[in-house]
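Coordinate analysis (summary)
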Amino acid sequence: MHTYERIADLRDALAPAHREGKTIGFVPTMGALHAGHLSLLSRAKAENDLVVMSLFVNPTQFNDIEDFEKYPRDPRRDRELAEGAGVDIVFAPAMEEVYPDGFDTVVAVRGLSDILEGASRPGHFQGVATVVAKLSAIVASTRAYFGEKDYQQLQIIRRMTADLNIPTQVVPCPIVREPDGLAMSSRNVRLSLPEREAATVLNRALKYTQDIADTGVHDAFVLTGWLARTIEVEPLAKLDYAVIVDRETLREVERIDNSPIALVAATFGSVRLIDNRIITPAPGLERRG
Ligand code: AMP
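Report on the accompanying structure. Here the residue index of a chain counts from 1 through its sequence in written order. Predicted model: local features are reported for residues with pLDDT of at least 70 only, side-chain atom pairs are reported and counted for 80 or more only, and whole-chain, interface and lining totals are derived from all residues. In computing side-chain values, all of the structure's heavy atoms are included and hydrogens and water are not.

Our focus in this paragraph is the packing of helix H10 (residues 201-214) against helix H11 (residues 220-232). Structural elements are reduced to axes, namely lines fitted to C-alpha atoms, with helices fitted over the stretch in contact, and the angle between N-to-C directions of any two is expressed from 0 to 180 degrees. Helix numbers and strand numbers start at the N terminus; a helix is a DSSP run of H or I with at least 4 residues, a strand a run of E with at least 2. Between H10 and H11, the least distance of the axes is 9 Å, while the angle of their chain directions is 150°. Between H10 and H11, the angle is such that the two are roughly antiparallel. In terms of crossing hand, the pair formed by H10 and H11 is right-handed. The residues of H11 that touch H10, namely those facing Val201, Leu202, Ala205, Leu206, Tyr208, Thr209, Ile212 and Ala213, are Leu223, Trp226, Leu227, Thr230 and Ile231. All residues other than Ala, Val, Leu, Ile, Met, Phe, Trp, Tyr, Cys, Pro, Asp, Glu, Lys and Arg, Gly among them, are scored as polar; the first ten of these are nonpolar and the last four charged. A per-class count over the contact of H10 with H11 returns eleven nonpolar, two polar and no charged. Any angle that falls under 35 degrees is termed roughly parallel, while one over 145 is termed roughly antiparallel, one within 65 to 115 roughly perpendicular, and all others oblique. Two helices crossing with the near one rotated counterclockwise from the far one by less than a right angle form a left-handed crossing, whereas a clockwise rotation gives a right-handed crossing. By definition in these notes, contact holds between two residues if any of their heavy atoms fall within 4.5 Å.

Have a look at this one:
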């Protein structure tokens, strides 16, 4: 496995693969790798000739400087895990390499970026879209792998990739969870023990919402009420939003007939966590309410 810090060096290293028409799988990360990242890497490994992983804590997607500073960093461990997962090339640029003096371009995916996470974290998705556009241009991969844990991010990257005609296939990967159901996240290490326990409420509330849908309740308003209340009764959880939205537009739906997605965000102490789950209607079973 090779690590490159300069764009020019990475391009030189990838040139033969591009010339020979080899497939390149790309997994962008901010490091602090966990089993969620590893699942993306092993999928990329299985589907491509070459796997490139980027390791870059992108400052422009943090709307809160403290969150950026406290973001867990352990590049040596990350490189070891990446090597174990079969990564061929790690791209770990310094901030100035990605944003040199005079850098003046932003990529904004309108609409999708302004709601939900975007409303709570102004500028976040502009930072994400800009860095992913840059990385896509640098790596020029055949496929790029993104987790469904960050569902809104995935939709924004899909939109951007289509709108900007980026010749990379966006591959969504399922959420990897801890044994107790908590979605894996690099931020989980910042939870205190009681907060860590309380955080399982997100997945429990999403599951419970599906359980209620399974009894024949297809009214999204009623289901959203249960979803929100289940989270709100956890004393350590401060609910930001709980919604049931169309899987593409991320607009709230009235009924769950087309299997929309429930998205939740809540803060535990100083740690903001998100989770989601597709809600499917109970076939042939519907009652009022
Ligand atoms: P990050 O390092 O947090 O920017 O995440 C890098 C990639 O890993 C993103 O595409 C995330 O959606 C994905 N990812 C993070 N956590 C998980 C998880 N628990 N399951 C699946 N994918 C994940």
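It is a general feature of regular strands that their side chains alternate between the two faces of the sheet. Burial here depends on accessible area, computed with a 1.4 Å probe over protein chains only, as a share of the maximum for the residue type. Under 20% is buried, over 50% is exposed, and the range in between is partly exposed. Within strand E8 (residues 261-268), seven of the eight residues are buried, which leaves the element mostly enclosed by the surrounding structure. Where strand E7 (residues 237-245) and E8 come together, eight bridges link them in antiparallel fashion. Residue pairing for E8: Leu239 is matched across the bridge by Ala266. Here, any two strands with at least 2 DSSP bridges between them count as paired. Once E8 ends, the chain turns through two residues before running back antiparallel as strand E9 (residues 271-278), passing Gly269 with a positive phi of about 65°.

Turning our eyes to something else, we now look at the site of the ligand. The nearness test applies per residue and asks whether one of its heavy atoms lies within 4 Å of the molecule or strand. Around the ligand, the surrounding shell holds 16 residues, and the nearest of these are Met30, His37, Asp150, Val176 and Met184. A distance of 2.6 Å separates an oxygen atom of the ligand from a polar atom in the side chain of Asp150. A distance of 2.8 Å is found between a nitrogen atom of the ligand and a backbone nitrogen or oxygen belonging to Met184. With the chains in place, 92% of the 490 Å² that the ligand exposes on its own is no longer accessible. Mapped onto the shell around the ligand, the elements with two or more residues apiece are strand E2 (24-29), helix H2 (35-47) and strand E5 (143-147). Element by element, the count of residues in the shell around the ligand is highest for H2, at three residues. Considered class by class, the residues forming the shell around the ligand number nine nonpolar, five polar and two charged. A 3.5 Å cut-off defines polar contacts: any pair of N or O atoms within that distance qualifies, except that in protein one atom must be a possible hydrogen donor and the other a possible acceptor, and neighbouring residues in sequence count only when both atoms are side-chain atoms. In short, Shrake-Rupley with a 1.4 Å probe defines the accessible areas, and a residue's cover is counted only from the protein chains shown.

Looking now at the sheet that holds strand E3 (residues 50-55). Taken in spatial order, the six strands make up an open sheet running E1-E4-E3-E2-E5-E6, and their pairing is parallel. Each edge of the sheet is formed by a strand with only one pairing partner; in this case those strands are strand E1 (2-4) and strand E6 (169-173). For this sheet, the mean angle separating the axes of adjacent strands, direction not counted, is 25°. Here E2 runs beside E5; their pairing, made up of two bridges, is parallel. Bridge pairing links Gly25 to Arg143 in E5. Running at roughly 150° to strand E4 (residues 89-91), helix H1 (residues 7-19) makes contact with E1, E2, E3 and E4 of the sheet. Helix H7 (residues 124-139) rests against E2, E3, E4 and E5 of the sheet, and its axis sits at about 150° to E2.

Okay, the pattern of salt bridges next. Just to be clear on terms, a salt bridge is a Lys or Arg side-chain nitrogen sitting within 4 Å of an Asp or Glu carboxyl oxygen. Evaluated as defined, the whole model comprises 14 salt bridges. With its nearest N and O atoms 3.1 Å apart, the salt bridge here joins Arg159 to Asp163. One end of the pair, Arg159, and the other, Asp163, are both in helix H8 (residues 151-163), four residues apart, so they sit about a helical turn from each other. Here Asp163 falls in the partly exposed class, since its relative accessible area comes to 47%. Taken together, the shared-partner salt bridges connect Glu117, Arg121, Asp240 and Arg272 into one network.

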